[in-house]
Amino acid sequence: MSAPVLEIRNIHTFIGQFHILEGVNVSVPQGSITVMLGRNGAGKTTTLKSVMGLTPPSQGAILFEGKPIHGKRPYHIAQLGIGYVPEHRAIFKTLTVRENLELAERQAHDLEKRIDFIFNLFPAMRQFYHYPAGNLSGGQQQMLAIARVLVPENRLLLIDEPSEGLAPVIIEELMAAIQKLAETSTVLLVEQNFRMASRLADRYVILDDGQSRVEGVMPELIKDEQLIQRYLGVA
Ligand SMILES: Nc1ncnc2c1ncn2[C@@H]1O[C@H](COP(=O)(O)OP(=O)(O)O)[C@@H](O)[C@H]1O
Ligand SMILES: [Mg+2]
């Protein structure tokens, strides 16, 4: 396997006085989909925010394509080629789909170059291009949130709980899109829906209580009912 695109080495992160991450290690190989699993409050979102420099770690190291990025400002980390799709579909509801995508440009003509790819992946974006994003369904808003990180060239995508609150048929559509994305970028996904995670991801890492506990390849986790029960509480 080639060198990891992202390597999180034993990070500790505080939010205010609270010691939220107490030793998180994650390795994301090139071209893979790695899923971060764990109960609510385990520290998954904080891990993604730590990578982006939004809640910078106070200890440990984060390497992107072999180079340290911890300690850099969020805009700088993004510019290196990391796209972040936060929880809860952070889009501008009063702006049109097109305007949302334009705001995601990092350089002139980014959108022009990528629009066909985006329309192909998410046909609804073509259909509603000139409509306010607030008019979209929940699933379409999630698609727009993902489409925004496809506008600039990103080699790593961090996607936080894309399936949250969506109907199964929409989740299927999203899964297919994420799978397609993984052909050209590496993906680190947070996903509560174990069924979705297990079908989509090549690798997994389980967080519990602010620490990473186990990581490995997905087929092995699927076989390990005890591990799934212990950390995820699903059958
Ligand atoms: N802004 C904050 N202030 C205080 N505690 C926080 C804050 N954000 C998150 N936490 C706490 O950090 C822990 C990890 O949260 P989070 O990373 O959001 O978990 P997950 O995404 O796995 O559900 C939780 O106990 C949560 O309550
Ligand atoms: Mg979260």
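Residues numbered from 1 in each chain as written. Chains lettered and ligands numbered in written order. Predicted model: local features only at pLDDT ≥ 70, side-chain atom pairs only at ≥ 80, totals over all residues. Heavy atoms only, no water.

**Some points on the domain arrangement of the protein**
Each assigned domain of the protein is listed here: domain 1 (1-81 + 158-235) and domain 2 (88-154). A straight line from the C-alpha centre of domain 1 to that of domain 2 covers 23 Å. Between domain 1 and domain 2 lies a buried interface of about 1,300 Å² when both sides are counted; carbon and sulfur atoms form 66% of it. Its largest share of buried area at the contact with domain 2, domain 1 owes to Glu164, Leu174 and Leu181, together 30% of the area lost on that side. On inspection of domain 1 and its partner domain 2, the count reaches zero salt bridges. At the boundary of domain 1 and domain 2, one finds three residue pairs in polar contact (both at pLDDT 80 or more). Split into classes, the residues belonging to the side of domain 1 that touches domain 2 amount to seven nonpolar, five polar and four charged. (Domains from an automatic or database assignment. Buried area = accessible area lost by both parts, 1.4 Å probe. Salt bridge = Lys/Arg side-chain N within 4 Å of Asp/Glu carboxyl O. Polar contact = N/O pair within 3.5 Å; in protein donor to acceptor, adjacent residues only side chain to side chain. Nonpolar A, V, L, I, M, F, W, Y, C, P; charged D, E, K, R; others polar.)

**Digging into the site of ligand 1**
Around ligand 1 sit Ile15, Phe18, Ile20, Arg39, Asn40, Gly41, Ala42, Gly43, Lys44, Thr45 and Thr46, and that is every residue in its neighbourhood. For ligand 1, the accessible surface in isolation is 560 Å², of which the surrounding protein chains cover 58%. Going through the elements one at a time, strand S2 (18-29) and helix H1 (44-52) are the ones with two or more residues in the shell around ligand 1. Tallying contributions element by element places H1 first for the shell around ligand 1, with three residues. Here the residues of the shell around ligand 1 sort into four nonpolar, five polar and two charged. (Near = heavy atom within 4 Å. Areas by Shrake-Rupley, 256 points an atom, 1.4 Å probe, with all protein chains shown as cover. Helix = DSSP H or I, 4+ residues; strand = E, 2+ residues; numbered from the N terminus.)

**A closer look at the sheet that holds strand S4 (residues 59-64)**
Here we have four strands laid out as an open sheet, ordered S2-S1-S4-S5, and antiparallel in their pairing. Unpaired on one side and paired on the other, S2 and strand S5 (67-68) mark the two borders of the sheet. Where strand S1 (residues 4-15) lies against S4, five bridges are found, and the strand directions are antiparallel. Bridging across to S4, histidine 12 finds its partner in glutamine 59. (Pairing = 2+ DSSP bridges.)

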